[in-house]
Amino acid sequence: MAKIPIQPYSGYLKSQTPDEDSTLTLVGPGTPGGEYLRRFWHPIAMVSELKDVPMPIRVLGEDLILFRDKSGRVGLVHKHCSHRGTSLEYGIIGQRGIRCAYHGWAYDVDGTVLDTPSEPAGSRLKESLCHGAYRTHESHGLIFTYMGPPDQVPDFPVYDTTVWPEGTELVPLKLDMPCNWLQAHENAADPVHTAYLHSIVTGVQFTPSFAALPVLEFKETPLGLLSIATRRCGDNLWIRASDVILPNVAQFGTGFVDGDKEKFALTAAFTRWITPVDDTHCWYIGWRQFNPVIDPRNEGRKQDIGRNRIDLMGQTDERPYAERQKSPGDWDAIVAQGKIAVRSREHLSWTDKGVAILRRQLRTGIKEVQAGGRPSAPQTYGTGVVPTYNNETILAVPQVDGDDKAVMQNFGHKVCEAALASAHLPVGERQAHVERAVRQMQKDGAFQVTSKDKEDMNA
Ligand code: FES
Ligand SMILES: [Fe+2]
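Residues numbered from 1 in each chain as written. Chains lettered and ligands numbered in written order. Predicted model: local features only at pLDDT ≥ 70, side-chain atom pairs only at ≥ 80, totals over all residues. Heavy atoms only, no water.

**Concerning the coordination of the iron ion (ligand 2)**
Next up, step 1: Here the iron ion (ligand 2) is held by His193 (NE2), His198 (NE2), Asp330 (OD) and Asp330 (OD), and the distances to it run 2.0 to 2.4 Å.
Next up, step 2: Here the iron ion (ligand 2) is ringed by four donor atoms whose angles at the metal span 57 to 145 degrees, and the overall shape comes out irregular.
Next up, step 3: As a motif over one chain, the donors of the iron ion (ligand 2) read H-x4-H-x131-D.
Next up, step 4: According to the relative accessible area criterion, His193 is buried, its value standing at 12%.
Next up, step 5: With a relative accessible area of 1%, His198 lands in the buried category. (Donors = N, O, S within 2.8 Å, 3.2 Å for Na, K, Ca; no water. Tetrahedral: all angles 85-135°; square planar, octahedral: opposite > 155°, others 65-115°. Buried < 20%, exposed > 50% of the residue type's maximum accessible area, 1.4 Å probe, protein only.)

**Considering the sheet that holds strand β6 (residues 98–99)**
Within a sheet, each strand pairs with its neighbour through backbone hydrogen bonds, oriented either parallel or antiparallel.
Next up, step 1: Reading across the sheet, the four strands line up as β5-β6-β7-β8 and stay open at both edges, with antiparallel pairing between neighbours. Strands with a single pairing partner mark the edges of an open sheet, and in this sheet they are β5 (92–93) and β8 (113–115).
Next up, step 2: Sheet topology places β5 next to β6; two bridges connect them, and they run antiparallel. Bridging across to β6, Ile93 finds its partner in Ile98. (Pairing = 2+ DSSP bridges. Helix = DSSP H or I, 4+ residues; strand = E, 2+ residues; numbered from the N terminus.)

**Digging into the packing of aromatic side chains**
The description of an aromatic ring pair rests on the distance of the ring centres and on the angle between the ring planes.
Next up, step 1: All chains considered together, the criterion is met by 12 aromatic pairs.
Next up, step 2: Judged by centre distance (5.3 Å) and plane angle (75 degrees), the rings of Tyr36 and Phe40 are edge-to-face. Judged on exposure class, the residue Tyr36 and its partner Phe40 are both buried.
Next up, step 3: Taken together, a centroid distance of 5.6 Å and an interplanar angle of 80 degrees make the contact between Trp273 and Trp287 edge-to-face. Placement of the pair is Trp273 in strand β18 (residues 270–278) and Trp287 in strand β19 (residues 281–290), with a sequence separation of 14 residues.
Next up, step 4: Taking the relative accessible area as the measure of exposure, Trp273 reaches 2% and is therefore buried.
Next up, step 5: Feature note: the residues Trp41, Phe144, Tyr146, Phe156, Tyr159, Trp273 and Trp287 constitute an aromatic cluster, connected by ring pairs.
Next up, step 6: Above the plane of the ring of Phe290 lies Arg288, whose end atom (NZ or CZ) is 4.4 Å from the centre. (Phe/Tyr/Trp six-rings, centres within 6.5 Å; stacked < 30°, edge-to-face > 60°. Lys NZ or Arg CZ within 6 Å of the ring centre and 35° of its normal.)

**Things to note about the domain arrangement of the protein chain**
The extent of an interface is frequently quoted as the accessible surface area lost upon association of the parts.
Next up, step 1: In terms of domain boundaries, the protein chain breaks down into domain 1 (41–152) and domain 2 (158–458).
Next up, step 2: One C-alpha centre belongs to domain 1, the other to domain 2; they are set 36 Å apart.
Next up, step 3: Buried area between domain 1 and domain 2, summed over both chains or domains, comes out near 1500 Å², and the portion from carbon and sulfur atoms is 63%.
Next up, step 4: Three residues stand out in domain 1 for area buried against domain 2, namely Pro43, Met46 and His140, and they jointly supply 34% of the buried area on that side.
Next up, step 5: Connecting domain 1 to domain 2 are three salt bridges.
Next up, step 6: Its salt-bridge partner being Asp278, residue Arg58 comes within 3.0 Å of it at the nearest N-O pair. (Domains from an automatic or database assignment. Buried area = accessible area lost by both parts, 1.4 Å probe. Salt bridge = Lys/Arg side-chain N within 4 Å of Asp/Glu carboxyl O.)

Structure follows, in structure tokens:
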């Protein structure tokens, strides 16, 4: 783009729309980003959405039909029948697969043609083709799909936050967002907005503790990025460290933090994907976790979670527009960036380091796929449990004379380092181990800042 002079009243000079960053944003078949995203499992529906009729659904720019056959298997197939193209949304679900209403061709959940009833006896037509279909996987009330090359199916990632602590309840949710997936996902790598959007500019949306401006650190992990925001709340320091997992997953702590109350939770309250519907629509889809570690005072509201419902203000367009204008939430801020946010118009500042790292990591993965390989990140764990690093830690570290910002940074850095260093431990042992290490540091005054700490933090 030609350089625009810096001058007042320069609207005319900026009125042309430059290209959005299409390498990262477009999701259709054959696009660089679309091919990359097709190397991963993505959630596409809540199990409860699937009724006894076929469900038309658009995923990654493709028109598809989702159904459960009468033997209980889930199918995700191309919308248009392989015979003469009518939509299988009018298909009849059978004991095995789905039968097209127009001339009766029947398909199994994997696309195998089971029947072409009007063909003459002995016809081999049905053996000569296979209908387009994608693998599906059900997990805790969500249906996932893999839409990439059939010979490159990755193991389904089982995050530790879905299996620990024992008895964790995962409540599925799915929210519609009429915008490109990337701007919705980038919100997870932009923790400073939680102070401005959710408190300082708009009034308290979650709890007053969010109003304290955080000290930030962005740490690359085997999964992608840990977005660390550390705040002072009286004598306590509060870390909200969010996993930003490649390509489109993120985890967060609760929205009802009281910074005055100590807490140690090496786990998450939200695990969500941003699944692209097409270039200009996406879903915020995943689980809300319920357990006494992440929510010791039992403040979550299961009854408020589901299809376009979540127990956190501002995540949908359900509030009246007049109210949203006065106190916009995440949904409003993200959707208002445009159908596809135009990145060449941005002016990234130092708080946007997480967004910049995320884009760089995505570009690396896209290039690896373009070169014929597989994405090298996130690290995979076969069929084992994937250790994650999300934590919500609130501990007493009273302010003493000196550089309190540096103490906050040191605290966030050292606690998250301990979380990262515990990845090799069995999932059930990590929290106690990290908490012991952190309490010891607390006792030893290790969060006060030495010159070596300053060097580490600046590295
Ligand atoms: S169009 Fe489906 S069977 Fe003919
Ligand atoms: Fe937010």
